[in-house]
Amino acid sequence: MTEPTADSGFETRAVHAGQAFDSTTGAVIPPVHFSTTYAQDGIGGLREGYEYGRSGNPTRTALETQLAALEGGAHALSFASGLAAEDALLRAALKPGDEVLLGNDVYGGTYRLIARVLGAWGVSVRVVDMSDLDAVRAALEERPARIVWVETPSNPLLRITDIAGLARLGHDAGALVVVDNTFASPALQQPLALGADVVVHSTTKYLGGHSDVVGGALVLNDDALYGEAKFLQFAVGAVSGPLDAWLTTRGIKTLALRMQRHSENAQEVASFLSSHGSVAHVYYPGLPAHPGHELAARQMSGFGGIVSVALADAASARRFAESTRLFQLAESLGGVESLMNYPDEMTHASVRGTELAVPPEVVRLSVGVESIADLLADLDQALARR
Ligand SMILES: Cc1ncc(COP(=O)(O)O)c(C=O)c1O
């Protein structure tokens, strides 16, 4: 098997990029390399550049090759978590005194990392609704930012940002444009092709896909920034372990199939909830009434597996979140199993009282790949509870 090329189809790249069979045994699945150190052919005589597990590991390289191929980037780096990947990127790109312009609807931990960890080192953060490009333009005219950082679809309100438009605005203002592509995954959206500079992932979610491995990644084209981030990966050491890298690689091979089913099920769930009398509002870009529907249809090849809903009030939202049986009440998203999340007290508790606070009547659903009839029946019985 030769390595797939940039012209190979997405599914071919997902299955084969970085996954050549083992040349010594012919094993179709490349082995997991647990060795922490590598024999040298004389001092400094490294085989394939491997020296020590923190600086490089063949199983991690296989994952990084696969990730770069999926996002259409020149380089990828894999980390122990999504936040570790974000931290490496932020420290590679920023210096004290720099500012990050951040979407007002992002994972709470991203805000916490920039405001509370990097804040102590002189980095500041400003928040804007990235789905409103006029607001972004005004914010950049008021003051430059070193990084413009967006999640689209956003977490948890599923706002859609025009990545190409944002990239133009960011670049005109001299900023690095970063897209957290965790919600869409490269199967549905490829931000580098739309003009973004860096793609960030919590591979814990759809890429891993089975809720059994925490990880993160960066994908980018710029050689110098890649060099800086790779240096931090090595010098700080938040690398993914070999088994974690291998599990992520295995998950990625079925990414396209899973995203298709996640999107189909989520569309049905969103339609069902929209027509239910107890639901005040449904946030899902696949619904024609969603303000970002047409944009999402253009820049994505499916609408994804996350649906958020607003109920009448916080008490109803809490009751709904606690009343499903098949949807399990748990943080995280993107696994094959359906999950319920009450953002205000769970994933987004760290941004309570800030501009990023999530309304307390909102519940976020990660719609899995189970039989749709069972999912709808579960939601129906949960909404019937009073
Ligand atoms: C959109 C998004 N980005 C980043 C992260 C952080 O990733 P991790 O939990 O793997 O550190 C999360 C985690 O929930 C997320 O949802």
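Residues numbered from 1 in each chain as written. Predicted model: local features only at pLDDT ≥ 70, side-chain atom pairs only at ≥ 80, totals over all residues. Heavy atoms only, no water.

Quick word on the domain arrangement of the protein
Move 1: By domain assignment, the protein separates into domain 1 (10–252) and domain 2 (256–383).
Move 2: Between the C-alpha centres of domain 1 and domain 2 there is a distance of 25 Å.
Move 3: Across the domain 1/domain 2 interface, buried area totals approximately 3,000 Å², and carbon plus sulfur atoms make up 64% of it.
Move 4: The largest per-residue losses of area from domain 1 upon contact with domain 2 belong to I160, L188 and Y206, which jointly make up 25% of the total buried on that side.
Move 5: Put simply, domain 1 and domain 2 have zero salt bridges between them.
Move 6: Taken together, domain 1 and domain 2 are joined by 15 residue pairs in polar contact (both at pLDDT 80 or more). (Domains from an automatic or database assignment. Buried area = accessible area lost by both parts, 1.4 Å probe. Salt bridge = Lys/Arg side-chain N within 4 Å of Asp/Glu carboxyl O. Polar contact = N/O pair within 3.5 Å; in protein donor to acceptor, adjacent residues only side chain to side chain.)

Topic: the sheet that holds strand β8 (residues 279–283)
By definition, the strands of a sheet pair up through backbone hydrogen bonds, in either a parallel or an antiparallel sense.
Move 1: Pairing within the open sheet is mixed, and its five strands lie in the order β8-β9-β12-β11-β10. Here the strands that pair on one side only, and so sit at the sheet edges, are β8 and β10 (328–329).
Move 2: By the bridge criterion, four bridges tie β8 to strand β9 (residues 306–311) in an arrangement that is antiparallel. For Y283, the partnering residue across the bridge sits in β9 and is S308. (Pairing = 2+ DSSP bridges. Helix = DSSP H or I, 4+ residues; strand = E, 2+ residues; numbered from the N terminus.)

Thoughts on the site of the ligand
Move 1: In the neighbourhood of the ligand, 13 residues make up the surrounding shell, with G82, D180, S202, T204 and K205 lying closest.
Move 2: L83 is positioned such that a nitrogen or oxygen atom in its backbone is 2.9 Å from an oxygen atom of the ligand.
Move 3: A distance of 2.8 Å separates an oxygen atom of the ligand from a polar side-chain atom of S202.
Move 4: Considered on its own, the ligand offers 390 Å² of accessible surface; in the complex 91% of this is hidden by protein.
Move 5: In terms of residue count, the dominant contributor to the shell around the ligand is helix α3 (residues 82–93) (three residues). (Near = heavy atom within 4 Å. Areas by Shrake-Rupley, 256 points an atom, 1.4 Å probe, with all protein chains shown as cover.)

Focus on the sheet that holds strand β3 (residues 124–128)
Move 1: Overall, mixed pairing links the seven strands, which are arranged β1-β7-β6-β5-β4-β2-β3 in an open sheet. Unpaired on one side and paired on the other, β1 (75–79) and β3 mark the two borders of the sheet. Each strand axis lies, on average, 20° off the axis of its neighbour in the sheet, ignoring direction.
Move 2: Here helix α2 (residues 58–71) sits on the sheet in contact with β1, β6 (198–202) and β7 (216–220), set at roughly 130° to β1.
Move 3: Contacts between helix α7 (residues 223–236) and the sheet are confined to β1, β5 (176–180), β6 and β7, with β1 contributing the most and set at about 20° to the helix. (Axes fitted to C-alpha atoms, helices over the stretch in contact; angles between N-to-C directions. Contact = heavy atoms within 4.5 Å.)

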